[in-house]
Structures are given as C-alpha cells and as structure tokens.
Amino acid sequence: MNLSNLVFNAVKNVKYLEDSNFSYDGFIRGEFDNDMDYANSINNVFAPLNEAIHRLSDMNKISFKVERLPSPNSNGLVDIRSISYDIKTIVNIFILSNGDYRKVNHREFGRDKVLLVDNSNISGEYYIEYIQDIPNFSKDDIYYFEGTDSIIDQRDINLKDYGISDTMCSYIIEYCQGKLMEPIAPELANLHLTRAEQYFNDLDTRQTSFHQKQVTRKYRIE
C-alpha cells in the first residue's frame with residue numbers, strides 16, 4: 001500500500017461521513033486540506049501513523065534488512081556509511097562463503113563504524129542484518145500538486161519498501177482511528193486502540209535468519 005492510500009483511509013475511517021465527494025483523487029490534490037470536516041484529521045494523522053510504524057518496528061514485527069558490507073580494514077574496522085538505510089539496531093554480521101555462513105562477533109565503534117572481533121581465517125563476503133530506523137513521514141511525502149486539471153508531480157511512498165505489509169497498514173489505520181478520536185469520543189477511541197494493539201501482537205515476531213550454528217573453542221586448559 002502507498003502512504004497516500006494509508007493516510008486517506010485513516011482520515012476517511014475517522015469521520016464515517018456519507019460524503020461521496022471525499023475521494024482519493026481529491027485528497028491527493030489537496031482539495032480537503034481546508035475543509036472543516038477533514039482538515040483536523042489530515043493535519044494530525046501523521047503523528048499516530050508514525051507512532052504505530054515505530055511501535056511495530058520496536059516489537060520486531062517488520063522484517064530485518066540484509067546488505068553486503070565492505071571488507072574490514074587491517075584493524076577489523078568496517079565503515080557502514082554505505083548502507084542503504086539508516087540503522088536503528090544491528091542484528092547480525094556474518095560471513096557468507098560457499099553457500100554457508102558464520103556469524104562474526106562485532107562491537108559498535110562510534111556512529112559510522114563497526115569493529116569485527118573474530119579470530120577465524122574464513123574468507124568470504126561480509127553481510128549485515130539490521131533493523132531500519134524508519135523515518136517520520138509527513139504530508140510532503142504524499143503529494144505535490146500544480147495546475148488546475150492534472151497532477152504535475154506526485155510524490156508517494158510504497159510502504160512495502162520499508163517492510164510494511166498491507167495487513168500492517170490495516171492495523172495502522174485502526175490505531176490512527178483511535179488516536180484521532182480521543183478528543184471527541186474517548187471510550188470509542190480506547191476500543192480502537194486496544195483492538196489495534198491486539199492486532200499488532202498477533203503479527204509474527206521477526207527473528208534473525210542467521211543463528212549461530214556451532215560453538216568454536218577459544219580457550220582450553222592444558
């Protein structure tokens with residue numbers, strides 16, 4: 001699902017108005033930004049939306065990302081600034097060689113580097129498995145409209161690029177609905193929030209795909 005579809009459906013579900021004029025095309029054109037029935041929800045929907053996405057990330061419900069790392073230098077340091085996305089948490093670093101893998105112990109070394117701590121002489125490509133630090137989305141990420149009859153340039157985000165499935169989007173809509181209804185119907189809002197939390201908990205919790213497969217002896221008593 002695109003971000004614009006998610007926001008549109010969240011706003012629509014809050015109002016429950018029988019308004020056939022509230023259309024997706026009109027929404028992305030900005031036609032309802034100053035409409036008294038919708039403006040408040042449009043202006044405030046992104047806070048709970050971002051909160052829900054970050055909650056899913058903190059609960060490890062969103063798939064981890066895996067990318068190849070540059071080779072370490074002679075001191076075992078690897079520069080991770082080339083990684084495609086911002087890293088929130090490093091889950092694993094491993095060596096892939098001949099269709100097999102071995103986990104590599106590591107230490108975070110400042111903001112932009114990791115120190116690989118490994119005594120093996122295994123050769124292969126280094127990979128990192130990490131949790132993305134998903135950015136906060138805003139209305140600027142949805143649309144940009146110029147002209148009277150057509151959309152000159154539309155900016156949008158495919159949420160699947162961030163590991164957010166359509167199923168998750170349905171639950172995020174439920175969460176946004178609860179947050180936006182809090183000032184006007186607290187009891188009903190609490191119902192939606194409780195339901196959304198249950199939905200979040202029911203999603204599969206993601207785990208690393210690269211578990212430690214063997215224990216290597218490092219010290220021994222003679």
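Look up: the structure comes first, before these words.
Being a predicted model, the structure only gives us computed values, none of them experimental. (Residues numbered from 1 in each chain as written. Predicted model: local features only at pLDDT ≥ 70, side-chain atom pairs only at ≥ 80, totals over all residues. Heavy atoms only, no water.)

1. As for the overall build of the protein chain
Heads up, the rule is: A run of DSSP states H or I qualifies as a helix once it reaches four residues; a run of E qualifies as a strand once it reaches two. Both are numbered from the N-terminal end. To sort residues, take the accessible area from a 1.4 Å probe on protein chains only and compare it with the maximum for the residue type: under 20% means buried, over 50% means exposed, and anything in between is partly exposed. Throughout, a contact is declared for two residues whenever any of their heavy atoms are within 4.5 Å.
A tally of helices and strands in the protein chain yields six helices and seven strands. Traced from its N-terminal end to its C-terminal end, the protein chain shows the element sequence α-α-α-α-β-β-β-β-β-β-β-α-α. The burial tally for the protein chain puts 37% of its 222 residues in the buried class. Contacts spanning at least 24 positions in sequence make up 69% of the contacts within the protein chain whose residues lie at least 6 apart.

2. Digging into the nonpolar core
This is how the line gets drawn: Side-chain atoms within 4.5 Å link the members of a nonpolar core, which is a set of buried Ala, Val, Leu, Ile, Met, Phe, Trp, Tyr and Cys residues.
L3, V7, L49, F137, I164 and I172 are the most contacted members of the largest nonpolar core, which has 41 residues in total. Breaking this core down by element, the ones donating at least two residues are α1 (3-15), α2 (24-28), α4 (46-58), α5 (166-181) and α6 (186-202). Looking at this core element by element, the count peaks at eight residues for α5. Leave out the neighbours within four places in its chain, and L3 touches F46, L49, F137, S138, D141, I142, D156, I157 and L159. By size, the runner-up hydrophobic cluster in this structure holds 13 residues, among which are L69, V78, I95 and L116.

3. Focus on unusual backbone geometry
Even without being glycine, N60 reaches a positive phi, approximately 60°. Along the polypeptide, N60 turns up in the loop between α4 and β1 (65-68).

4. Some details on α1
Inclusion rule: Expected span of a helix, by definition, is 1.5 Å for each gap between consecutive residues, and there is one gap fewer than residues.
For α1, built from 13 residues, the straight-helix expectation of 18 Å at 1.5 Å per residue is met to within 8% by its first-to-last C-alpha distance of 19 Å. Where α1 is concerned, the buried positions are L3, S4, L6, V7, F8, A10, V11 and V14. Just beyond α1, the residue with positive phi is Y16, at close to 55°.

5. So, the pairing of strand β3 (residues 87-97)
Convention followed: Pairing between strands is defined by DSSP: at least two bridges between the two strands are required.
Across eight bridges, the pairing between β3 and strand β7 (residues 125-132) is antiparallel. Each bridged residue has a counterpart across the sheet, and for I93 the counterpart in β7 is I128. Pairing of β3 with strand β4 (residues 100-103), which is carried by four bridges, proceeds in the antiparallel orientation. Across the sheet, F94 pairs through a bridge with K103, a residue of β4. As consecutive antiparallel partners, β3 and β4 are separated by two residues, and within that stretch N98 has a phi angle of approximately 55°, a positive value.

6. Description of the pattern of salt bridges
The test is simple: Between Lys or Arg on one side and Asp or Glu on the other, a salt bridge is scored when a side-chain nitrogen of the former is within 4 Å of a carboxyl oxygen of the latter.
Applying the stated criterion to the full structure yields seven salt bridges. Between D58 and K88 there is a salt bridge, with the nearest N and O atoms lying 2.8 Å from each other. Placement of the pair is D58 in helix α4 and K88 in strand β3, with a sequence separation of 30 residues. Judged by its relative accessible area of 32%, K88 is partly exposed. Across the pair R81 and D79 runs a salt bridge, and its minimum N-O distance is 2.6 Å.

7. Some words on the packing of aromatic side chains
Put simply, the test is: Stacked, edge-to-face and tilted labels apply to pairs of Phe, Tyr and Trp rings (six-membered ring for Trp) whose centres lie within 6.5 Å, assigned for plane angles under 30 degrees, over 60, and everything in between, in that order.
Under the definition given, this model contains twelve aromatic pairs. Between F8 and F22, the aromatic rings sit 5.0 Å apart at their centres with planes inclined by 20°, giving stacked as the arrangement. Of this pair, F8 sits in helix α1 while F22 sits in the loop between α1 and α2, placing them 14 residues apart in sequence. Residue classification places F22 among the buried residues on the basis of a relative accessible area of 5%.

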